[in-house]
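# Report on the structure
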There are 2 protein chains.
Amino acid sequence: MTRTHEKVRYLPESKEEGHTPFSAADGVEQVFKLLEGRWKFLILFHLFGGKLRRFSELERAIPAVSQKMLIQQLRQLEGDGIVRRIVHHQVPPKVEYGLTDWGQALCPALDALLKWSALRDDFDADGARPTS
Amino acid sequence: MTRTHEKVRYLPESKEEGHTPFSAADGVEQVFKLLEGRWKFLILFHLFGGKLRRFSELERAIPAVSQKMLIQQLRQLEGDGIVRRIVHHQVPPKVEYGLTDWGQALCPALDALLKWSALRDDFDADGARPTS
């Protein structure tokens, strides 16, 4: 059943251990669950590149989100180790949000998804590479 | 506000046009919507690497999915141009499922998400790279 030319492409390079289809699907699903919700992506794309933003700046940058929802999303991202909250001890206190190192490392993966999505136009309606 | 050393990392290389945080977040969200649902990932990871599987093989490989749900997920993936259905005109007819070229191209992007997820252990609880 298994042919030797079939590359196991879902083997993450960073781990020695292999993935089964089940563990790979489970791993990707966990990432999806961690990130789902439109505001999280917007927050991420506003912070990628080492940017630091005050709460009021994020509020202005994402006018459609309510204050309550923005607080909730930032807290979840902070709790998950993706966003960090930086408190500058000054008068009045200044609080900024940025990405953690791990959060910043998500950028290439989201890039890869965007590139895949953009590739759609290079294929025909059936998802096949045009032969012409 | 914008500093020149901030790389616009969410600019897909495959497109000349740039992304705003809004278009990037929207693009990633569309990919998430296209793929959400545990069975889709499992189907994908069973088909990556150019594998072809009959319906009955997928049923056996994913015992937890109902026949109705498996049909529905395959139809959605087929309709979205990710999975292709190959009908061999023989007696009795043989039908196999595989990935389209575009579907196969998703593999590196899901790999990148898995790699990012696996990176979590390399950072401390706050998502920062340990300095020790």
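It should be noted that the structure appears before, not after, this text.
In this text the structure is predicted, and so the values were computed from the model without any measurement. (Residues numbered from 1 in each chain as written. Chains lettered and ligands numbered in written order. Predicted model: local features only at pLDDT ≥ 70, side-chain atom pairs only at ≥ 80, totals over all residues. Heavy atoms only, no water.)

Looking now at the interface of chain A and chain B. With 67 residues of chain A at the interface, the matching set in chain B holds 67 residues. Inspection of the region where chain A meets chain B yields 0 salt bridges. The element best represented in the side of chain A that touches chain B is helix H6 (residues 107-119) of chain A, accounting for 13 residues. Taken together, the residues of the side of chain A that touches chain B break down into 37 nonpolar, 10 polar and 20 charged. (Contact = heavy atoms within 4.5 Å. Salt bridge = Lys/Arg side-chain N within 4 Å of Asp/Glu carboxyl O. Helix = DSSP H or I, 4+ residues; strand = E, 2+ residues; numbered from the N terminus. Nonpolar A, V, L, I, M, F, W, Y, C, P; charged D, E, K, R; others polar.)

Before going further, it helps to examine unusual backbone geometry. Of note, the bond from Val91 of chain A into Pro92 of chain A is cis; its omega dihedral lies within 30 degrees of zero at -5°. Along the chain, Pro92 of chain A falls in the loop between strand E2 (83-88) and strand E3 (94-99).

Below, the discussion takes up the pairing of strand E2 (residues 83-88) of chain B. Relative to strand E3 (residues 94-99) of chain B, E2 of chain B is paired through 6 bridges, and the arrangement is antiparallel. In the strand pairing of E3 of chain B, Arg85 of chain B is matched with Tyr97 of chain B. (Pairing = 2+ DSSP bridges.)

This paragraph deals with helix H1 (residues 21-35) of chain B. When the terminal C-alpha atoms of H1 of chain B are compared, their 21 Å separation across 15 residues agrees well with the 21 Å that a helix rising 1.5 Å per residue should span. Within H1 of chain B, the full set of buried residues consists of Pro21, Ala24, Ala25, Gly27, Val28, Glu29, Val31, Phe32 and Leu35 of chain B. Looking at the buried side of H1 of chain B, the elements it contacts are helix H1 (21-35), helix H2 (38-47) and H6 of chain A together with helix H2 (38-47) of chain B. Looking one or two places after H1 of chain B, you find Gly37 of chain B, whose phi comes out positive at around 110°. (Expected span 1.5 Å × (residues − 1). Buried < 20%, exposed > 50% of the residue type's maximum accessible area, 1.4 Å probe, protein only.)

Helix length check: helix H6 (residues 107-119) of chain B (13 residues) gives 18 Å between terminal C-alpha atoms against 18 Å at 1.5 Å per residue, within 8%. Burial in H6 of chain B covers these residues: Cys107, Ala109, Leu110, Asp111, Leu113, Leu114, Trp116 and Ala118 of chain B. The elements touched by buried residues of H6 of chain B are H1, helix H5 (101-104) and H6 of chain A together with H2 and helix H5 (101-104) of chain B.

Turning next to the sheet that holds strand E1 (residues 53-54) of chain A. All names here are of chain A. The 3 strands are arranged E1-E3-E2 in an open sheet whose pairing can be described as antiparallel. Both outer strands of the open sheet, E1 and E2, are each paired with one neighbouring strand and no more. Across the sheet, H2 touches E1, E2 and E3, and the angle it forms with E3 is around 95°. (Axes fitted to C-alpha atoms, helices over the stretch in contact; angles between N-to-C directions.)

It is worth spelling out the sheet that holds E2 of chain B at this point. Strands in a sheet are paired, the pairing made by backbone hydrogen bonds, and the direction either parallel or antiparallel. All names here are of chain B. Within the open sheet, the 3 strands sit side by side as E1-E3-E2. Their pairing is antiparallel. The open sheet has two free edges, formed respectively by strand E1 (53-54) and E2, since each of these has just one partner strand. The sheet contacts of H2 involve E1, E2 and E3, and relative to E3 the element is tilted by about 95°.

What follows covers the pairing of E3 of chain A. Residue and element names in this part refer to chain A. Strand direction decides the pairing type here: E1 and E3, joined by 2 bridges, are antiparallel. Bridging from a neighbouring strand, Arg54 pairs with Glu96 of E3. Hairpin connection, E2 to E3: the antiparallel pair is bridged by 5 residues.

Where H1 of chain A contacts H6 of chain B, the two axes come as close as 9 Å, and the packing angle between them is 75°. Put simply, H1 of chain A runs roughly perpendicular to H6 of chain B. Contacts from Ala24, Gly27, Val28, Val31, Phe32 and Leu34 of chain A of H1 of chain A reach H6 of chain B at Leu110, Leu113, Leu114, Trp116 and Ser117 of chain B. Within the contact of H1 of chain A with H6 of chain B, the residues separate by chemical class into 9 nonpolar, 2 polar and no charged. (Parallel < 35°, antiparallel > 145°, perpendicular 65-115°, else oblique.)

Both copies of the chain are placed relative to one another by a rotation about an axis and a shift along it. Overlay of chain A on chain B (RMSD 0.0 Å): rotation 180°, translation along the axis 0.0 Å. Taken together, the rotation and translation describe the operation of a two-fold axis. Among all residues of chain A, the minimum C-alpha distance to the rotation axis is found for Ala109 of chain A, at 3.1 Å. (Least-squares fit on C-alpha atoms with pLDDT ≥ 70 in both.)

A full pass over the atoms with the stated rule returns 7 aromatic pairs over all chains. Aromatic side chains Trp102 of chain A and Trp116 of chain B sit 4.0 Å apart centroid to centroid with 5° between the ring planes, which places their arrangement in the stacked category. One end of the pair, Trp102 of chain A, is in helix H5; the other, Trp116 of chain B, is in helix H6, on a second chain. Judged on exposure class, the residue Trp102 of chain A and its partner Trp116 of chain B are both buried. Within the aromatic cluster, the residues linked to one another by ring pairs are Phe32 and Phe41 of chain A together with Phe32 and Phe41 of chain B. The ring of Trp102 of chain B is capped by Arg120 of chain A, whose NZ or CZ atom sits 4.7 Å from the centre of that ring. (Phe/Tyr/Trp six-rings, centres within 6.5 Å; stacked < 30°, edge-to-face > 60°. Lys NZ or Arg CZ within 6 Å of the ring centre and 35° of its normal.)

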